[in-house]
Amino acid sequence: MQALAAVARAPHSEFSLETITLDGPRFGEVLVKMEAVGICHTDLAARDGALPVALPAVFGHEGCGIVEAVGQGVTKVAPGDRVGITFASCGSCPACGAGSPSYCHNFMHLNYDGVRADGTRPLSNGDESITGLFFGQSSFATYSLALERNVVKVPADLPAELIAPIGCGIQTGAGAVMRSLACRAGSALLIAGAGSVGLAAVMGAVVRECATIIVVEPHASRRDLALELGATHAIDPAAGPVADQVRAIVAAGVDYAIDTSGIPAVIDSLVKSMTFHGKLGLIGVPANPEAALPLTVIDTLVLGLTVVGIIEGDSDPDEFIPELIELWRAGRFPIEKLVSTFPFTKINDAVAAQHRGEVLKPVLVHE
């Protein structure tokens, strides 16, 4: 069948709206008519060469839509079901068997290579092959071919633009607090960065009943929103050394810290803000893939620090996405405060607005 897709043809270039050909669903695959898809930093990083994805490609990995058709063997969903689409996992490796699909041993292949198990590619434009199956979905299109394991049936009455970003950014930030670090009630948490991931972490910290939630963010509007969402303090890194500002609030230092920036100097400021037996969670992807942690062995030994790398918030999407939806229904997880919608055909405008800092989480909707 044919679909309108936003195709990335060159790094650091605008997406090209093109009519492409999309295979129908084969064994274990699900064809989804898209309603909405979030734009995540990872989409742009992959377009620009930070991830091993061959161009031309269709990105998009925070999809929501209606199941159009299913391939042989699919029992999890049926045509007509509303689904959120998240990252892909194999379901058979030790990590998947242990309930940790975001650390699937086949994660790189399933989410970045864009090929089926038999080596075929489901997307093309004439004789030209296009990389698809990005995060098992490539949902920057009117139709997405996903895998049974990475679709989650969701309620039909929720706005699609709120379901879509849960698939990656929202579950990553919330999961970092609620799953990866499992922040305890009454604890102190420091979050570097008040983008959509960092603010989802703030909301997760409120759910976990952290007593002190400190956000470090250079943009005043984002600091204000962090406070509105439940942060107890929002500090400007330009106002002085972050560690000094944090210890003026919590003299002994924070129990947990989360970095969403990937900047070593920022991570160093978090380490200097932590107390003994603290846990540091790393989410942000550094611009330089050779970037190293600014952490000495002595610092780690003396403080008893635990450093945790976090992918997708250690989420099992079949469990965590419904949990976040129920928290939203209860008024405890206001995703809508992060989302700005754009027509799908205005994808380049949405990317530009995000780059200028005018929006937190742009979500493309199909009219």
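Just above sits the structure.
Presented here is a report on the structure given in the accompanying data block. The structure presented is a predicted model; accordingly, all values stated were derived computationally and were not measured. (Residues numbered from 1 in each chain as written. Predicted model: local features only at pLDDT ≥ 70, side-chain atom pairs only at ≥ 80, totals over all residues. Heavy atoms only, no water.)

## Some points on the overall build of the protein
Heads up, the condition is: Counting from the N terminus, the helices are DSSP H or I runs at least four residues long and the strands are E runs at least two residues long. Our radius of gyration is a C-alpha quantity, and the globule rule it is checked against amounts to 2.2 Å times the number of residues to the power 0.38. Pairs of residues are marked as contacts when any of their non-hydrogen atoms sit within 4.5 Å. In short, Shrake-Rupley with a 1.4 Å probe defines the accessible areas, and a residue's cover is counted only from the protein chains shown. We count Lys and Arg on the positive side and Asp and Glu on the negative side, and we leave His and both chain ends out. By convention, the point assigned to a charge is CZ for Arg, NZ for Lys, CD for Glu and CG for Asp.
Scanning the protein from N- to C-terminus turns up 12 helices and 18 strands. What you see for the protein is a C-alpha radius of gyration of 20 Å, in line with the 21 Å of a compact globule of 367 residues. Taken along the three principal axes of its C-alpha coordinates, the protein extends 60 × 40 × 40 Å. Of all intrachain contacts in the protein linking residues separated by at least 6 positions in sequence, the fraction that spans at least 24 positions is 67%. Split by element, the accessible area of the protein, about 14,600 Å² in all, is 54% carbon and sulfur. Positive and negative side-chain charges in the protein, numbering 24 and 39 respectively, have mean positions lying 2 Å apart.

## Things to note about the packing of helix H5 (residues 169–180) against helix H11 (residues 317–329)
Just so we agree on the cut-off: A fitted line through C-alpha atoms serves as each axis, taken over the contacting stretch for helices, and the angle formed by two N-to-C directions is quoted from 0 to 180°. The scheme is simple: roughly parallel for angles under 35 degrees, roughly antiparallel for over 145, roughly perpendicular for 65 to 115, oblique for anything else. Any residue outside Ala, Val, Leu, Ile, Met, Phe, Trp, Tyr, Cys, Pro, Asp, Glu, Lys and Arg is labelled polar, Gly included; the first ten of those are nonpolar and the last four are charged.
Interhelical geometry of H5 versus H11 gives an angle of 95° and a closest axis separation of 11 Å. With respect to H11, the axis of H5 lies roughly perpendicular. Each of Ile170, Gln171, Ala174, Gly175, Met178 and Arg179 in H5 lies in contact with H11, whose residues at this interface are Pro317, Phe320, Ile321, Glu323, Leu324 and Leu327. Residue composition of the contact of H5 with H11, by class: eight nonpolar, two polar and two charged.

## Structural notes on the sheet that holds strand S12 (residues 212–216)
Convention followed: Here the rule is simple: two strands pair whenever DSSP picks up at least two bridges between them.
Strand order across the open sheet formed by six strands is S13-S12-S11-S14-S15-S16, with parallel pairing between neighbours. The open sheet has two free edges, formed respectively by strand S13 (233–235) and strand S16 (306–309), since each of these has just one partner strand. Neighbour-to-neighbour, the strand axes of this sheet turn through a mean angle of 20°, independent of strand direction. As paired elements, S12 and S13 share three bridges and run parallel to each other. When the bridges of S13 are listed, Val215 appears paired with Ala234. Against the sheet, helix H8 (residues 242–249) touches strand S11 (188–192), S12, S13, strand S14 (254–259) and strand S15 (274–282), its axis set at about 160° to S13. Along the sheet face, helix H9 (residues 264–271) touches S11, S14 and S15 and points at about 150° away from the line of S15.

## Concerning the pattern of salt bridges
Quick reminder of the rule: Only one rule defines a salt bridge in this text: a Lys or Arg side-chain nitrogen within 4 Å of an Asp or Glu carboxyl oxygen.
For the structure shown, the criterion picks out 19 salt bridges. As a salt-bridge pair, Glu35 and Arg82 come within 2.5 Å of each other at their nearest N and O atoms. Here Arg82 lies in strand S6 (residues 82–85) and Glu35 lies in strand S3 (residues 29–38), a separation of 47 residues in the sequence. The structure contains a network of salt bridges with shared partners spanning Asp23, Arg26, Glu29, Arg116 and Asp118.

## Digging into the side chain of Thr86
To be explicit about the condition: A simple rule labels every residue: compare its accessible area, found with a 1.4 Å probe on the protein chains alone, to the largest value its type can have, and call it buried under 20%, exposed over 50%, or partly exposed in between. N or O atoms within 3.5 Å of each other form a polar contact, as long as, within protein, one can give a hydrogen and the other can take it, and as long as residues adjacent in sequence are counted only when both atoms are side-chain atoms.
One can find Thr86 in the loop between S6 and helix H2 (94–97). We classify Thr86 as buried; its relative accessible area is 0%. One polar contact links the side chain of Thr86 to the main-chain carbonyl oxygen of Gly167, over a distance of 2.7 Å. Side-chain polar atoms of Thr86 contact the side chain of Gln171, separated by 3.0 Å. With sequence-adjacent residues up to four places away left out, Thr86 is seen in contact with Phe135, Gln137, Asn150, Gly167, Gln171, Pro317 and Ile321.

## Examining helix H12 (residues 347–355)
The test is simple: Note that the arc is defined by the directions from the helix axis to the C-beta atoms.
All of the buried residues along H12 are Ile347, Ala350, Val351, Ala353 and Gln354. Burial along H12 is one-sided: seen end-on, the buried residues are contained in an arc of 165°. Looking at the buried residues of H12, the elements they touch are strand S1 (2–8), helix H1 (41–47), strand S17 (339–343) and strand S18 (361–365). Immediately beyond the C-terminal end of H12, within one or two residues, lies Gly357, with a positive phi of roughly 80°.

## Section: the packing of H5 against helix H6 (residues 196–207)
Stated precisely, the cut-off is as follows: What makes a crossing left-handed is the near helix being turned counterclockwise from the far one by less than a right angle; a clockwise turn instead makes it right-handed.
Their axes nearest at 7 Å, the elements H5 and H6 cross at an angle of 40°. Taken as axis vectors, H5 and H6 run oblique relative to one another. When the axes of H5 and H6 are compared, the crossing they make is right-handed. Where H5 approaches H6, its residues Gly169, Ile170, Thr172, Gly173, Ala174, Val177 and Met178 are matched on the opposing element by Ser196, Val197, Ala200, Ala201, Gly204, Ala205 and Val207. A class-by-class count of the residues in the contact of H5 with H6 yields nine nonpolar, five polar and no charged.

## Some thoughts on the packing of aromatic side chains
Describing an aromatic ring pair means giving the distance of the ring centres and the angle of the ring planes. To keep it simple, the criterion reads: Aromatic pairs are defined between Phe, Tyr and Trp rings, using the six-membered ring for Trp, whenever the two ring centres lie within 6.5 Å; interplanar angles under 30 degrees are classed as stacked, those over 60 as edge-to-face, and all others as tilted.
Tallied over the entire structure, the rule returns eight aromatic pairs. Ring centres 6.1 Å apart and planes at 40° place the aromatic pair Phe87 and Phe107 in the tilted group. Residue Phe87 is found in the loop between S6 and H2, and its partner Phe107 is found in helix H3 (residues 107–113); the two are separated by 20 residues along the sequence. There is no split in this pair, since Phe87 and Phe107 are both buried. Ring plane angle 90° and centroid distance 6.1 Å describe the contact between Phe107 and Phe135, whose orientation is recorded as edge-to-face. Within this pair, whereas Phe107 is found in helix H3, its partner Phe135 is found in the loop between strand S8 (128–130) and strand S9 (143–147), the two being separated by 28 residues in sequence. The two residues Phe107 and Phe135 agree in class, both being buried. Grouping aromatic residues by their ring pairs yields a cluster made of Phe59, Phe87, Phe107, Tyr112, Phe134 and Phe135.

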